[in-house]
Structure formats: C-alpha cells, structure tokens
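Remarks on the overall topology
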Amino acid sequence: MKPIFGSDAFDTDVLIVGAGPTGLTLATALAARGVPTVVIDRLREGHNTSRAAVVHARTLEALEPLAVTQPLVERGLRAQRFSIRDRDRVLVPIAFDRLPTRYPYTLMVSQAVTEQVLLERFAQLGGRVRRPCALVGLHHDAHGATAELDDGSCLRARYVVGCDGMHSAVRELSHIAFRGGSYGESFLLADVRLRGGAPRDEVALYFSPQGMLVVAPLPDGVHRVVAPLEQAPEQPGADDVQALLDARGPQRERASVAEVLWGSRFRVHHRVADTYRAGRVLLAGDAAHVHSPAGGQGMNVGILDAVALAAALGRALAGDAAALDAYVSARRPVAQQVVSFADVLTRLATVRPALRGARNALLRTLSRLPAFRRRLAWRLSGLVYR
Ligand SMILES: Cc1cc2nc3c(=O)[nH]c(=O)nc-3n(C[C@H](O)[C@H](O)[C@H](O)COP(=O)(O)OP(=O)(O)OC[C@H]3O[C@@H](n4cnc5c(N)ncnc54)[C@H](O)[C@@H]3O)c2cc1C
C-alpha cells in the first residue's frame with residue numbers, strides 16, 4: 001500500500017507501538033475511554049520473563065480505574081517494609097504500612113504476570129495486539145502520522161505513541177535525542193530459592209563497598225536478587241549469586257542459594273529524551289527514560305506515564321490542544337528525579353571504605369527523624385507523584 005502522507009483518512013485515532021507494560025497500560029486506558037487504537041509489537045509473543053518485579057502503591061492506585069489492580073494484587077506478594085542495610089545493621093528502616101493509601105505495601109510480582117493481567121483486561125475491553133508487526137518508518141504532519149510497517153503496509157493515525165522501549169524506533173525516527181550515559185557495570189538479576197537469611201515481608205537494599213545488593217521476596221517462596229557487577233555473567237548460576245550474598249548480604253544468618261529459577265544480565269543506562277512530544281508523535285516508558293533499577297521505579301514510571309498520556313490523548317482528541325504539552329511538562333521532570341534519586345543511592349552505596357562509618361552514622365541519625373523516613377516512603381511508593 002502507498003503511504004498517504006497529509007491525508008485526513010485515518011485508520012485509527014492512536015497507534016501504539018510496543019506492547020510492554022507501558023503500551024498495554026496505555027492501550028487498556030484508551031480502550032476504557034472508548035478511543036479507537038491499534039497496538040503493534042514486533043515480537044511474535046510477549047516476553048515471559050520476570051524482569052521488573054516491584055509494583056508500587058501509586059501505580060496500584062493509578063491502575064484502579066482500569067480494573068487491573070485487584071487481579072494484580074491477588075497474584076503478588078505484599079512487602080510491608082523496605083530497609084537499607086550494611087550487612088546485618090539496619091541503617092534506614094522504612095515502613096509502608098502507615099502510608100495513607102489502600103495499598104500500604106510494595107507489591108512483588110514478576111513483570112510477565114503484570115503484562116499478562118494488563119493483556120487480559122485489554123482483551124476484555126475488546127482489544128488485541130497485532131504481532132509480529134514492527135514499525136520501520138514514520139512521517140508526521142499537522143493532522144496525523146503515517147507509520148510504515150515491516151510487512152510493507154502503512155497505517156495512518158491521528159497520534160502515534162512510542163512505547164517501544166529503550167531502543168525506540170519511534171524516538172529515533174522522530175529525531176528526539178536521548179541524552180545521558182551508561183553505568184560502567186552490568187546488573188546481575190536472579191530469581192532464586194534461599195535457605196535462611198532473607199525475610200519474606202521486606203525488600204532489603206544492602207550498601208556495600210563492592211556495590212549494592214537488593215534481596216526482595218517474590219510469590220511462591222522465591223527471592224529476587226539484583227546487584228551491579230563489573231562483569232555480570234550472562235546466565236548467573238548458584239555460585240555467582242552465593243558469592244554476591246556472601247560478599248554484600250547478611251552475615252549473622254547466611255542466606256544460602258538452594259536453586260536458581262531464572263537469571264539474566266542487563267546493562268543500565270541513565271537517559272531521558274529531550275522531549276516526549278514531536279508534533280503528533282509521543283513517547284512513554286523506557287522509550288522516554290531509562291535508569292538504574294535502584295528503588296525499583298523503571299516500569300512504575302512507565303505505567304504512570306501511560307495513565308497520564310491516556311487522559312491527555314482523550315482531551316486532545318476532544319479538542320484540547322494544550323493537553324499533550326501538559327503531559328510532557330508533568331511527566332518528564334519525574335524521570336529526571338528518578339535518575340537523580342538512583343544516582344544518589346548508587347553513590348551512597350559505594351562510598352570508599354574510609355567514609356563508610358561516617359555514611360552509616362549519618363544515615364542512622366537521619367533515619368531517627370520520622371520526617372526523613374516518611375519522605376523516603378512517599379518517594380519509594382510513588383505517592384509523592386499523586
Ligand atoms: C533483564 C531485564 C531486567 C530488568 N529488571 C528490572 C528491575 O529489576 N526493575 C525495574 O524497575 N526494571 C527492570 N527492567 C526494566 C523494565 O523491564 C522496563 O523498565 C520495562 O519493561 C519498560 O516497559 P516499556 O513497556 O516501556 O518497554 P518494554 O518492556 O521494553 O517494551 C517495549 C515493547 O516494544 C516492542 N518494540 C520495540 N521496537 C518495536 C518496533 N519497532 N515496532 C513494534 N514493536 C516494537 C518490543 O518488542 C517490546 O515488547 C529490566 C529489564 C530487563 C531487560
């Protein structure tokens with residue numbers, strides 16, 4: 001089919017490129033508003049891996065109107081506490097159970113389950129994902145945008161949204177810069193069964209001269225272990241995870257690895273797109289921002305982008321031209337804050353051994369202040385972005 005640039009004949013109101021958590025949230029939220037969409041993804045089927053495992057209170061609140069929260073909560077595990085530790089010493093204890101929300105906890109659930117729940121809800125609303133189908137070209141004008149697909153066809157939409165992840169074709173084809181850098185290290189990530197040492201109701205972030213270590217509970221007796229490493233193995237085994245726990249984790253009661261269920265390595269960048277909008281083209285999720293998993297914000301920020309963008313697109317389609325710029329000015333600073341927060345955590349975690357005592361003393365002093373603990377709880381849970 002020949003591309004029809006500048007035409008007023010539209011195949012759909014919104015073309016969503018990418019059916020990860022961001023694209024699926026946007027698709028569901030637009031379907032709930034009755035907005036016609038087409039959702040494409042280049043993969044034959046969705047990823048079936050654990051990846052982002054934390055869903056914060058604010059995200060659960062924002063997903064409530066989509067009827068997604070309840071099924072998600074039923075399939076996850078509630079962690080009521082978060083702590084920053086240096087070995088066995090708790091430097092900062094954070095309790096989520098006093099937060100003024102219906103979800104006073106961090107929900108631990110694998111990303112595959114989160115995507116499945118979103119997909120099921122989208123299907124209930126009559127939606128489906130067209131796959132495998134990749135966007136390979138994009139042209140936009142004052143009235144809409146024309147997407148070229150890898151089967152040679154074209155699709156014209158009033159708006160196109162890039163929810164197509166870190167290497168976003170939508171962002172690149174729209175010439176939007178993605179500034180920032182990469183962390184030198186890679187991250188090891190593993191879902192394991194542990195004996196001893198690790199609580200089932202708490203996410204523990206260990207600061208250590210060798211780098212951070214996160215040990216967090218997942219449903220079905222599983223723990224998630226995440227740590228930056230100079231050279232993380234591609235397929236981490238029990239010995240790799242054990243070495244990390246021994247070097248950075250609890251000492252009094254050793255956590256020993258009984259089984260590795262899934263493991264991976266990933267590289268982390270800290271980048272934010274110069275803008276989330278170029279005319280009729282918009283960005284959300286990892287296409288717009290990527291950052292360290294410290295604090296577990298990545299997927300959550302993407303889901304909240306999508307909820308905000310669905311409302312903005314609804315208003316824009318009804319004639320409110322300013323709604324999309326308001327989306328950009330509201331959401332881009334959030335990504336910048338998350339990048340800075342993750343950087344502070346990384347720097348604090350890896351201070352030189354000579355400064356470790358001073359850091360611990362400072363954190364313990366600060367953590368005696370209820371206002372400090374409350375601020376951290378609000379930031380981690382995302383309630384600060386209400
Ligand atoms: C191994 C691994 C571990 C991770 N662990 C954590 C973690 O512990 N904590 C955390 O917060 N985050 C983690 N992340 C990051 C987290 O997975 C992302 O933040 C999240 O997936 C972002 O969602 P998204 O929907 O914006 O993008 P993605 O999930 O990347 O989805 C993008 C979708 O777009 C599709 N797509 C791409 N290009 C095209 C195209 N041209 N045409 C059509 N479709 C296209 C892709 O197939 C994909 O389905 C991890 C990521 C990886 C890879």
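Residues numbered from 1 in each chain as written. Predicted model: local features only at pLDDT ≥ 70, side-chain atom pairs only at ≥ 80, totals over all residues. Heavy atoms only, no water.

1. Some remarks on the pattern of salt bridges
Threshold: Criterion for a salt bridge: a side-chain nitrogen of Lys or Arg within 4 Å of a carboxyl oxygen of Asp or Glu. To qualify as a helix, a DSSP run of H or I must reach at least 4 residues; to qualify as a strand, a run of E must reach at least 2; elements of each kind are numbered from the N terminus. Type-normalised accessible area, obtained with a 1.4 Å probe on protein chains alone, sets the label of each residue: buried when under 20%, exposed when over 50%, and partly exposed for intermediate values.
For the coordinates displayed, the defined rule picks out 22 salt bridges. With a shortest N-O distance of 2.9 Å, Arg81 and Asp201 are connected by a salt bridge. Taken together, the residues span a long stretch of sequence, with Arg81 in strand β5 (residues 81-86) and Asp201 in the loop between β12 (178-195) and β13 (202-206) at a distance of 120 residues. Arg81 sits in the partly exposed class, given a relative accessible area of 35%. In this structure, a network of salt bridges that share partners links the residues Arg81, Arg85, Asp201 and Glu202.

2. Digging into the sheet that holds strand β4 (residues 77-79)
Quick note on the threshold: We call two strands paired when DSSP finds no fewer than two bridges between them.
Spatially, β3-β7-β4 is the arrangement adopted by the three strands of the open sheet, whose pairing is antiparallel. The outermost strands of the open sheet, each flanked by one partner alone, are β3 (54-55) and β4. Note that β3 and strand β7 (residues 106-108) share two bridges and pair antiparallel. Residue pairing across strands places Val54 opposite Met108, the latter belonging to β7.

3. Description of unusual backbone geometry
Peptide bonds are trans in most cases, and residues, glycine excluded, mostly fall at negative phi. Arg131 connects to Pro132 through a cis peptide bond whose omega is -5 degrees. Look at Arg87: it is not a glycine, yet its phi comes out positive at around 55 degrees. With respect to the helices, strands and loops of the structure, Arg87 is situated in the loop between β5 and β6 (89-95).

4. What to know about the environment of Leu135
How we decide: We call two residues contacting when some pair of their heavy atoms lies within 4.5 Å.
Mapped onto the elements of the fold, Leu135 is located in strand β9 (residues 135-140). Sequence spacing of Leu135 and Leu149 is 14 residues, and the spatial spacing of their C-alpha atoms is 4.6 Å. Beyond its immediate stretch of four places on either side in the chain, Leu135 contacts Leu15, Val17, Ile40, Ala147, Glu148, Leu149, Ala169, Val170 and Leu173.

5. Some details on the sheet that holds strand β14 (residues 213-218)
Put simply, the rule reads: To get an axis, fit a line to the C-alpha atoms, keeping to the stretch in contact for a helix; angles then go from 0 to 180 degrees between the N-to-C directions.
Read across the open sheet, the eight strands follow the order β6-β5-β13-β14-β15-β12-β16-β19; overall the sheet is mixed. Each edge of the sheet is formed by a strand with only one pairing partner; in this case those strands are β6 and β19 (289-290). In this sheet, β13 lies alongside β5 in parallel orientation, the contact comprising five bridges. Bridge pairing in β13 places Ile84 opposite Leu205. Along the sheet, helix α8 (residues 323-349) contacts β5, β12, β13, β16 (256-273) and β19; its crossing angle with β16, the most-contacted strand, is approximately 125 degrees. Against the sheet, helix α10 (residues 370-381) engages β5 and β6, with an angle of about 65 degrees to β6.

6. Concerning helix α1 (residues 21-32)
Selection rule: Here the expected length of a helix is defined as 1.5 Å per residue gap, with one fewer gap than residues.
Look at α1: 16 Å from first C-alpha to last across 12 residues, which is about the 16 Å you get at 1.5 Å a residue. Looking only at α1, the buried set comprises Pro21, Thr22, Gly23, Leu24, Thr25, Leu26, Ala27, Thr28, Ala29 and Leu30. Positive phi appears at Gly34, one or two residues downstream of α1, with a value of about 80 degrees.

7. What about the site of the ligand?
Operational definition: Note on terminology: near, applied to a residue and a molecule or strand, indicates that one of the residue's heavy atoms is within 4 Å of it. Polar contact is defined as a pair of N or O atoms within 3.5 Å, subject to the rule that within protein one atom must be able to donate a hydrogen and the other to accept it, and that residues adjacent in sequence are counted only when both atoms are side-chain atoms. Here the term charged refers only to Asp, Glu, Lys and Arg, the term nonpolar to Ala, Val, Leu, Ile, Met, Phe, Trp, Tyr, Cys and Pro, and the term polar to all other amino acids, Gly among them.
As a matter of local geometry, the ligand sits amid 28 residues, with Thr22, Asp41, Gln111, Leu135 and Asp286 nearest to it. Note that a nitrogen atom of the ligand is positioned 3.1 Å from one of the backbone N or O atoms of Arg42. A distance of 3.0 Å separates a nitrogen atom of the ligand from a polar atom in the backbone of Leu135. Among the residues making up the shell around the ligand, the classes are represented as 14 nonpolar, eight polar and six charged.

8. Here's the deal with the packing of α1 against helix α7 (residues 298-317)
Stated formally: Should an angle fall under 35 degrees it is taken as roughly parallel, and over 145 as roughly antiparallel, whereas 65 to 115 is taken as roughly perpendicular and any remaining angle as oblique. In this scheme the crossing of two helices becomes right-handed for a clockwise turn of the near helix relative to the far one and left-handed for an anticlockwise turn of less than a right angle.
Between α1 and α7, the least distance of the axes is 8 Å, while the angle of their chain directions is 30 degrees. Taken together, the axes of α1 and α7 lie roughly parallel to each other. As for how α1 packs across α7, the hand of that crossing is right-handed. Between α1 and α7, the residues in contact are Pro21, Thr22, Thr25, Leu26, Ala29 and Leu30 and Met299, Gly302, Ile303, Ala306, Val307, Leu309, Ala310 and Leu313, respectively.

9. Observations regarding the packing of aromatic side chains
For clarity, the threshold we go by: Working definition: a ring pair exists when centres of Phe, Tyr or Trp rings (six-membered ring for Trp) sit within 6.5 Å. Plane angles under 30 degrees give stacked, over 60 give edge-to-face, the rest tilted. Here, a charge over a ring means that NZ of Lys or CZ of Arg falls within 6 Å of the ring centre while also lying within 35 degrees of the ring normal.
Summed over all chains, the structure comprises three aromatic pairs. Taking the centre distance of 5.6 Å and the plane angle of 35 degrees together, the rings of Phe187 and Phe266 count as tilted. With Phe187 in strand β12 and Phe266 in strand β16, the pair connects residues that are 79 residues apart, well separated along the chain. Its relative accessible area of 6% is what places Phe187 among the buried residues. A cation over a ring is seen here: Arg171 above Phe178, with NZ or CZ 3.7 Å from the ring centre. Above the plane of the ring of Phe341 lies Arg379, whose end atom (NZ or CZ) is 5.6 Å from the centre.

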